Amino acid sequence: MKKVAIIGSGSWGSSLAIHLARLGNEVRLWSFSEDEMNEINNERKCRYLPQAVMHENITATMSYKEAIEGSDFVLHVTPSKFTRENVKKYKEFITTQPVIICSKGFEFDTLYTLDEVVEEEMPNAKIAALSGPSHAEEVSQNIPTAVVIASNDEEVARELQEVFSSDCFRVYTSTDLYGVELGGSLKNIIALTCGIAIGLGFGDNSIAALITRGLLEISRLGVTTGANQETFYGLTGLGDLFVTCSSVHSRNRKCGILIGQGKSIDEAKKEVGMVVEGISALEGAYEMVKKYNVYAPIITEAYEVVKNGKSPQEATVTLITRGNKSEF
């Protein structure tokens, strides 16, 4: 049995808590909300996973110290835009235990992936990332899932692989930490565009085109900035992209559908009711595209729609009528 600290009691943090508690581990789940903490401890419920029951091995707390001290490893599962803020608050309690990034996104000001943010705040920490096609709703219900744990330290990745693996949760390892983090961030943007296409009334042909060409843009940007190309054709690239673009569980897809149907960005985000990482990641991705001079028309048009008010219909015409070229 391991002692696990999870920073973040949203749907994904709670789902991972359920999974690890189910395997016999003792889980302490940090929450920023007293109401959420009380629901977990007293009612054994998570408001974001209405079908789930919070295992008896899970204890929620609002204290970073209580959550982290004595733990064998720490899972960071807060929205990407709060990563540095949260790490600054809990890093004093980190000793030798690995920190596993389970959030997906960028830090806009620096264009850092989240592992780079954590590394800058805690230069001596052992850092890993867990990513892949893994909707919280399904993991909490023990539906078969495959993910990747990436770390620059192979021993850390293998140790965590053993801890997370079960008969319904298959874990692969990778040493391409940057590529895994980047793929997990960028796929949310493509899922947002797929949702917009659905909201506009487009069909399977349009979605297939966005997924395929979107994957090419993710790979192109990743390789240009130092990732391994094969990473983007694995679980944390193609796998995560497919599930996020096609599933009813995807908040990025849902938000895009609402935008395509004519809702404003703020109205769509409010209706989704949870953080839409695709929107949060757009500014960072767009700045990376410009900085490294990478050709990424889908990301660019998504930015124009979300940040500059371009109509989705006009963005569609721009994408379809670009100059003719070879596929590769």
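Higher on the page you've got the structure.
First, a word on scope: everything that follows refers to the structure included in this document.

Parameters and conventions
Residues numbered from 1 in each chain as written. Predicted model: local features only at pLDDT ≥ 70, side-chain atom pairs only at ≥ 80, totals over all residues. Heavy atoms only, no water. Helix = DSSP H or I, 4+ residues; strand = E, 2+ residues; numbered from the N terminus. Rg over C-alpha atoms; globule rule 2.2 N^0.38 Å. Contact = heavy atoms within 4.5 Å. Lys, Arg positive; Asp, Glu negative; His and termini not counted. Charge placed at Lys NZ, Arg CZ, Asp CG, Glu CD. Axes fitted to C-alpha atoms, helices over the stretch in contact; angles between N-to-C directions. Parallel < 35°, antiparallel > 145°, perpendicular 65-115°, else oblique. Left-handed = near helix turned anticlockwise from the far one by under 90°. Expected span 1.5 Å × (residues − 1). Bend = angle between axes of the 7 residues up to and from the residue. Phe/Tyr/Trp six-rings, centres within 6.5 Å; stacked < 30°, edge-to-face > 60°. Buried < 20%, exposed > 50% of the residue type's maximum accessible area, 1.4 Å probe, protein only. Arc of directions from axis to C-beta. Polar contact = N/O pair within 3.5 Å; in protein donor to acceptor, adjacent residues only side chain to side chain. Pairing = 2+ DSSP bridges. Patch = residues over 30% accessible without salt bridge, like charges linked within 9 Å, V, L, I, M, F, W, Y side chains within 5 Å. Areas by Shrake-Rupley, 256 points an atom, 1.4 Å probe, with all protein chains shown as cover. Salt bridge = Lys/Arg side-chain N within 4 Å of Asp/Glu carboxyl O.

**Things to note about the overall build of the chain**
Here is step 1 of the chain: Looking only at helices and strands, the chain has 15 helices and ten strands in total.
Here is step 2 of the chain: Its C-alpha atoms give the chain a radius of gyration of 19 Å, within 12% of the compact-globule value 20 Å for 328 residues.
Here is step 3 of the chain: Dimensions of the chain, computed from C-alpha atoms along their principal axes, come out at roughly 60 × 40 × 35 Å.
Here is step 4 of the chain: In the chain, the share of contacts with a sequence separation of at least 24, taken over all contacts with a separation of at least 6, comes to 68%.
Here is step 5 of the chain: For the chain, the centre of its 32 positive side-chain charges and the centre of its 43 negative side-chain charges are spaced 3 Å apart.

**Here's the deal with the packing of helix α8 (residues 177–199) against helix α11 (residues 251–260)**
Here is step 1 of the chain: At their nearest, the axes of α8 and α11 sit 6 Å apart, and the two run at 40° to each other. In terms of orientation, α8 lies oblique with respect to α11. As α8 runs across α11, the sense of the crossing is right-handed. Where α8 approaches α11, its residues Asn 188, Ala 191, Leu 192, Gly 195, Ile 196, Ile 198 and Gly 199 are matched on the opposing element by Asn 252, Arg 253, Cys 255, Gly 256, Ile 257, Ile 259 and Gly 260.

**Considering helix α13 (residues 277–291)**
Here is step 1 of the chain: Across its 15 residues, α13 extends 21 Å between first and last C-alpha, which sits within 8% of the 21 Å expected from 1.5 Å per residue.
Here is step 2 of the chain: Of all the bends in α13, the greatest measures close to 30° and is centred on Glu 283.
Here is step 3 of the chain: Of the surrounding elements, those touching the buried residues of α13 are β6 (106–107), α8, α9 (204–224), α11, α12 (265–272) and α14 (297–308).

**Considering the packing of aromatic side chains**
Here is step 1 of the chain: If you walk through the whole model with that rule in mind, you get four aromatic pairs.
Here is step 2 of the chain: Each ring, one from Trp 30 and one from Tyr 64, has its centre 4.6 Å from the other, and the planes form 10°; the classification is stacked. Taken together, the positions of Trp 30 in strand β2 (residues 26–30) and Tyr 64 in helix α3 (residues 64–68) put the pair 34 residues apart, joining distant regions of the chain.
Here is step 3 of the chain: The class of Tyr 64 is buried, set by a relative accessible area of 12%.
Here is step 4 of the chain: Pairing Phe 73 with Phe 164 gives two aromatic rings, centres 6.0 Å apart and planes at 40°, and the pair type is tilted. With Phe 73 in strand β4 (residues 73–76) and Phe 164 in helix α7 (residues 154–164), this pair connects stretches of sequence that are 91 residues apart. Neither residue differs from the other here; Phe 73 and Phe 164 are each classed as buried.
Here is step 5 of the chain: Three or more aromatic residues joined by ring pairs make a cluster, and in this case those are Trp 30, Tyr 64 and Tyr 90.

**Re the packing of α8 against helix α10 (residues 235–246)**
Here is step 1 of the chain: Between α8 and α10, whose axes approach to 9 Å, the crossing angle comes to 30°. Between α8 and α10, the angle is such that the two are roughly parallel. When you trace α8 past α10, the crossing you get is right-handed. Between α8 and α10, the contacting residues are Val 180, Gly 183, Gly 184, Lys 187, Asn 188, Ile 190, Ala 191 and Cys 194 on the first element and Thr 236, Asp 240, Leu 241, Thr 244 and Cys 245 on the second.

**Observations concerning helix α2 (residues 34–43)**
Here is step 1 of the chain: Along α2, the residues classified as buried are Glu 36, Met 37 and Ile 40. One side of α2 holds all its buried residues, which, seen down the axis, span an arc of 100°. Along α2, exposed side chains directed more than 90 degrees from the buried face belong to Asp 35 and Asn 42.
Here is step 2 of the chain: Check the buried side of α2 and you find it contacts β2 and β3 (58–61).
Here is step 3 of the chain: The distance from a side-chain oxygen at the start of α2 to the backbone nitrogen of Asp 35 is 3.3 Å, and the residue carrying that oxygen is Ser 33.
Here is step 4 of the chain: At the exit of α2 stands Arg 44, carrying a positive phi of roughly 55°.

**A few points about the pairing of strand β8 (residues 127–131)**
Here is step 1 of the chain: Among the five residues of β8, five are classified as buried, and the element is accordingly described as predominantly covered.
Here is step 2 of the chain: Strand direction decides the pairing type here: strand β5 (residues 99–101) and β8, joined by three bridges, are parallel. The residue bridging Ile 101 from the neighbouring strand is Ala 129, located in β8.
Here is step 3 of the chain: Of the pairings in the sheet, the one linking β8 to strand β9 (residues 145–151) comprises four bridges and is antiparallel in character. Residue pairing in the sheet places Leu 130 in a bridge with Ile 149 of β9.

**Points about a negative patch on the surface**
Here is step 1 of the chain: Residues Asp 72, Asp 153, Glu 155 and Glu 159 make up a contiguous surface patch of negative charge.
Here is step 2 of the chain: Within the secondary structure, Asp 153 sits in the loop between β9 and α7.
Here is step 3 of the chain: By relative accessible area, Asp 153 is classed as partly exposed at 36%.

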